[in-house]
Each structure stands twice: as structure tokens, then as C-alpha cells.
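Survey of secondary and tertiary structure
For reference, the chains in residue letters:
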Amino acid sequence: MGDTLEKSLTSVLDQIDDRFEVIFVDDGSSDGSLIIAESLAEKYTTLRVISLPRENGRKLGITRNKSIELASG
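Predicted model, so just to flag it, every value in this text is computed and none were measured.

**Some remarks on the overall build of the protein**
The number of helices and strands found in the protein is three helices and two strands. Expected size for 73 residues packed as a compact globule is a radius of gyration near 11 Å; at 12 Å, the protein falls within 12% of this value. Overall, the C-alpha framework of the protein stretches about 35 × 30 × 15 Å when taken along its three principal axes. Long-range contacts, defined here as pairs at least 24 residues apart, represent 66% of the contacts in the protein between residues at least 6 apart. Of the accessible surface of the protein, which amounts to about 5,300 Å², a share of 51% is contributed by carbon and sulfur atoms.

And the structure:
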């Protein structure tokens, strides 16, 4: 998703104000997504980037639940 991430996130972030937050959770991707997200987080205060260490046994649902736990809204 690294090739479409910047366009997708920018589209969402340009449509929201500070009442909302976008949480980007990276769990060890290797496509440059984390670098792109961190770069966007410098520009958009509504974007929070969380980087989790890669765990082969971790399922997608666990990663999603972690993002919910970290949400402030």
C-alpha cells in the first residue's frame, strides 16, 4: 500500500479538523509506509503514527484492537 498511502491519507486528512484523529498503525511493513506516514504526521497534527514491532504470530484483529486502545476520541 506504500504506493497509494500518501494520496489516500492526504485525501482524508484534508477533509477533517482537529475534532478528529487518524491513527496509522504500522506493524512492521516493509513497503515504506511508515516513512510516508511519519512524513505526513509532521504536516498534519490530526495524524498519529504508531509503530509496532513485527510479530509473526500477531493477527490483524490484534493490531486493530491496539489502534482502538490508543485512540483518544
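**Points about the environment of V12**
Within the fold, V12 resides in helix α1 (residues 2-13). Given a relative accessible area of 40%, V12 falls into the partly exposed group. Once the C-alpha coordinates of V12 and V22 are considered, the two residues, 10 residues apart in sequence, prove to be 8.5 Å apart.

**A short note on the side chain of S33**
Its location among the elements puts S33 in helix α2 (residues 33-43). Since its relative accessible area comes to 7%, S33 is described here as buried. Excluding its chain neighbours within four sequence positions, the residues that come into contact with S33 are M1, G2, L5, F24 and D26.

**Topic: the pairing of strand β1 (residues 22-26)**
Residues of β1 alternate between two faces, with V22, F24 and D26 buried on one and I23 and V25 left unburied on the opposite face. Here five bridges tie β1 to strand β2 (residues 47-51), and the two strands are oriented parallel to one another. Within β2, the position partnered with V25 by the bridge is I50.

Conventions used here
Residues numbered from 1 in each chain as written. Predicted model: local features only at pLDDT ≥ 70, side-chain atom pairs only at ≥ 80, totals over all residues. Heavy atoms only, no water. Helix = DSSP H or I, 4+ residues; strand = E, 2+ residues; numbered from the N terminus. Rg over C-alpha atoms; globule rule 2.2 N^0.38 Å. Contact = heavy atoms within 4.5 Å. Areas by Shrake-Rupley, 256 points an atom, 1.4 Å probe, with all protein chains shown as cover. Buried < 20%, exposed > 50% of the residue type's maximum accessible area, 1.4 Å probe, protein only. Pairing = 2+ DSSP bridges.

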